[in-house]
Amino acid sequence: MRQYVITAPAELNALINLPASKSISNRALTIHALSGGTVLPDNLSDCDDTDVMIKALQNMPDVIDIKAAGTAMRFTTAYLSVTEGTHVITGTERMRQRPIGVLVDALRFLGADIEYEGEQGFPPLRITGRQLEGGRIEIRGDISSQYISALLMIGPSLRQGLELRLTGNIISRPYIDLTLCTMRDFGAKAEWVGSDTIKIHPHPYVPTYYFIENDWSAASYWYEMVALSHDANAEVKLSGLMDGSLQGDSVVKYLFSMLGVKTVFDSRERGVPTTVTLRKTGVRPARLDYDFINQPDMAQTFVVCCAMLGIPFHFKGLATLKIKETDRIEALKTEMRKLGFVIRDVDGRELIWDGERCEPQPDAAIDTYEDHRMAMAFAPASLLIPGLRINNPHVVSKSYPHFWNDLQMAGFEVLENEMA
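Just so it is clear, the structure is predicted and the values come from calculations on it, not from any experiment. (Residues numbered from 1 in each chain as written. Predicted model: local features only at pLDDT ≥ 70, side-chain atom pairs only at ≥ 80, totals over all residues. Heavy atoms only, no water.)

**Student:** I'd like a description of the pairing of strand β8 (residues 162–167), backed by residues and values.
**Tutor:** On a regular strand, each side chain points to the face opposite its neighbour's, so the side chains alternate between the two faces of the sheet. The alternating pattern of β8 places L162, L164 and L166 on a buried face and E163, R165 and T167 on a face that is not buried. The pairing of strand β7 (residues 135–140) with β8 spans six bridges and is classified as parallel. Across the sheet, I139 pairs through a bridge with L166, a residue of β8. Between the parallel elements β7 and β8, the chain passes through helix α5 (residues 145–154) in a crossover that is right-handed. Relative to strand β10 (residues 197–200), β8 runs antiparallel, the two being bridged by four bridges. When the bridges of β10 are listed, L164 appears paired with I198. (Buried < 20%, exposed > 50% of the residue type's maximum accessible area, 1.4 Å probe, protein only. Helix = DSSP H or I, 4+ residues; strand = E, 2+ residues; numbered from the N terminus. Pairing = 2+ DSSP bridges. Right-handed = clockwise from strand over helix to strand, strands pointing away.)

**Student:** Run through the sheet that holds strand β9 (residues 190–192), naming residues and quoting values.
**Tutor:** An order of β7-β8-β10-β9 is seen for the four strands of this open sheet, with the pairing classed as mixed. Of all the strands in the sheet, the pair left with one neighbour each is β7 and β9. Here the strands of the sheet are splayed against their neighbours by 20 degrees on average, with no regard to which way each runs. Note that β9 and β10 share three bridges and pair antiparallel. Bridge assignment links E191 to a residue of β10, and that residue is K199. The strands touched by α5 within the sheet are β7, β8 and β10, with β8 carrying the most contacts at an inclination of about 165 degrees. Across the sheet, helix α6 (residues 173–185) is in contact with β8, β9 and β10; its angle to β9 comes to roughly 150 degrees. (Axes fitted to C-alpha atoms, helices over the stretch in contact; angles between N-to-C directions. Contact = heavy atoms within 4.5 Å.)

**Student:** Explain the nonpolar core residue by residue, including any values.
**Tutor:** Counting 76 residues, the largest nonpolar core has W222, F302, F403 and W404 as its most contacted members. No other element matches the 10 residues that helix α7 (residues 216–228) contributes to this core. A20, L80, F186 and Y205 belong to the second largest nonpolar core, which has 62 residues in total. (Core = buried A, V, L, I, M, F, W, Y, C linked by side-chain atoms within 4.5 Å.)

**Student:** Requested: an account of the packing of aromatic side chains, with residues and values cited.
**Tutor:** Applying the stated rule across the entire model yields 14 aromatic pairs. Centroid distance Y4 to W404: 5.2 Å. Interplanar angle 85 degrees. Geometry classified as edge-to-face. A residue pair is termed long-range when its members are at least 10 positions apart, and Y4 in strand β1 (residues 2–7) and W404 in helix α12 (residues 403–409) qualify at 400 residues. In terms of burial, Y4 and W404 fall into one category: buried. Over the face of the ring belonging to W192 we find R173, whose NZ or CZ atom lies 4.6 Å from the ring centre. Looking at R357, its charged tip hangs above the ring of F341, at a distance of 4.0 Å from the centre. (Phe/Tyr/Trp six-rings, centres within 6.5 Å; stacked < 30°, edge-to-face > 60°. Lys NZ or Arg CZ within 6 Å of the ring centre and 35° of its normal.)

**Student:** Got a sec to walk through the pattern of salt bridges? Specific residues and values, please.
**Tutor:** Within the structure shown, the criterion is met by 22 salt bridges. With a shortest N-O distance of 3.1 Å, D51 and K55 are connected by a salt bridge. With D51 and K55 both in helix α2 (residues 48–59) and four residues apart, the pair spans about one turn of that helix. A salt bridge links D289 to R287; the nearest nitrogen and oxygen atoms lie 3.0 Å apart. The exposure class assigned to D289 is partly exposed, which follows from its relative accessible area of 47%. (Salt bridge = Lys/Arg side-chain N within 4 Å of Asp/Glu carboxyl O.)

**Student:** If you had to explain the side chain of E235 to someone new, which residues and values would you point to?
**Tutor:** Its location among the elements puts E235 in strand β11 (residues 235–241). Dropping the residues within four chain positions of it, E235 is found in contact with L12, N13, A14, T277, L278 and R279.

**Student:** I'd like a description of α5, backed by residues and values.
**Tutor:** With 10 of 10 residues buried, α5 is to be regarded as a mostly interior element. Buried residues of α5: S145, Q146, Y147, I148, S149, A150, L151, L152, M153 and I154, and no others.

**Student:** Quick one: what's the story with unusual backbone geometry, residue by residue and with numbers?
**Tutor:** Along the chain, P123 connects to P124 via a cis peptide bond; the corresponding omega equals 5 degrees. With respect to the element layout, P124 can be found in the loop between β5 (113–116) and β6 (125–129). Non-glycine residue E370 carries a positive phi angle of around 60 degrees. Assignment of secondary structure puts E370 in the loop between β18 (365–366) and α11 (372–378). Judged by relative accessible area, E370 falls into the exposed class, the value being 57%.

**Student:** Which residues make up the packing of helix α1 (residues 22–35) against α2, and what are the values?
**Tutor:** Between α1 and α2, the least distance of the axes is 9 Å, while the angle of their chain directions is 5 degrees. Regarding the angle of α1 to α2, the classification is roughly parallel. Across the interface between the two elements, K22, S25, N26, L29, T30 and A33 of α1 pack against D49, T50, M53, I54 and L57 of α2. For the contact of α1 with α2, a count of residues per class yields five nonpolar, four polar and two charged. (Parallel < 35°, antiparallel > 145°, perpendicular 65-115°, else oblique. Nonpolar A, V, L, I, M, F, W, Y, C, P; charged D, E, K, R; others polar.)

Given below as structure tokens:
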């Protein structure tokens, strides 16, 4: 096992080139493949999740190992269903524990030929692609938006197109809107035709030059660092972000304004990447209550940040955290207790901290559970806990491969321990 020991600088001043958006990259790659284009989208993410998609879509081996990439598993399953050939798609042990039955059932309803190679409802899958009829289908709106996006992206290739009605509470709506916007950029006719229904016309994609903006999810960890820094003049510049971004996690700029971090755009021109400057304002709320139903991946960042700042919180909309790279609800409770914070959950859907503390573990080492966001959300806590230890730190390659290098550029000391 590898371990990093993180010590933060007294002053925080950095210019960081963020990675490209993994969410947009994987959508653009899927749609690009469906369009029959020959030139890959520009500024693709260099993360593991995007790398496995590129290799899968370019090489199309008989057995596609998607490793730990959840978006790639869902998107590629739909893609293979409408693409000629027979393939088995599989992944890591954890991936084989992550449910995919809702998507498989929906694709089968549309006529897809999909068989389970192991346990029903879970990967690996054997898929024989063919032209699907399409038509009208209903799916729950409170499941992972990746299932919904996977169905939407193949809509233009279906004979009748696709009319998708989302039942119940619709979560992660910004990610659905991001998918629709990316589809339209490639020529699709796709739109909401009601508060719960999306219509995709049987109109083929057009190969298109496509540039991918940088990642607001990655930006969130730098916001956290500015919020936690004791340096009143802390300043971080982040390149390649867009004002008015459709990335759901771009809401981070509003949420962190409540935690004392101001966002300044060099340019407000819509659709043009620019540099964003983060500065401290000194603002701090008595508590923070928020529903993360549209940004569940931000929960880890805010749990760690608020607790370290001594800000009680009540976070809702977290039901999907249990089926992520790990059970993030339990992982957060366990690792925060190591730092002296007693977090409780409500039915695995909410996390609450009312200020309760416990004795922190001396020389606590944060376990990352094969989850990139555990490593990156906890690393900024080193600003208040010198010598914070992070186990298996290389999980960050899933979405932000140069995270630790960027920390060092910002003045953090990152020392490696070789563990037994």
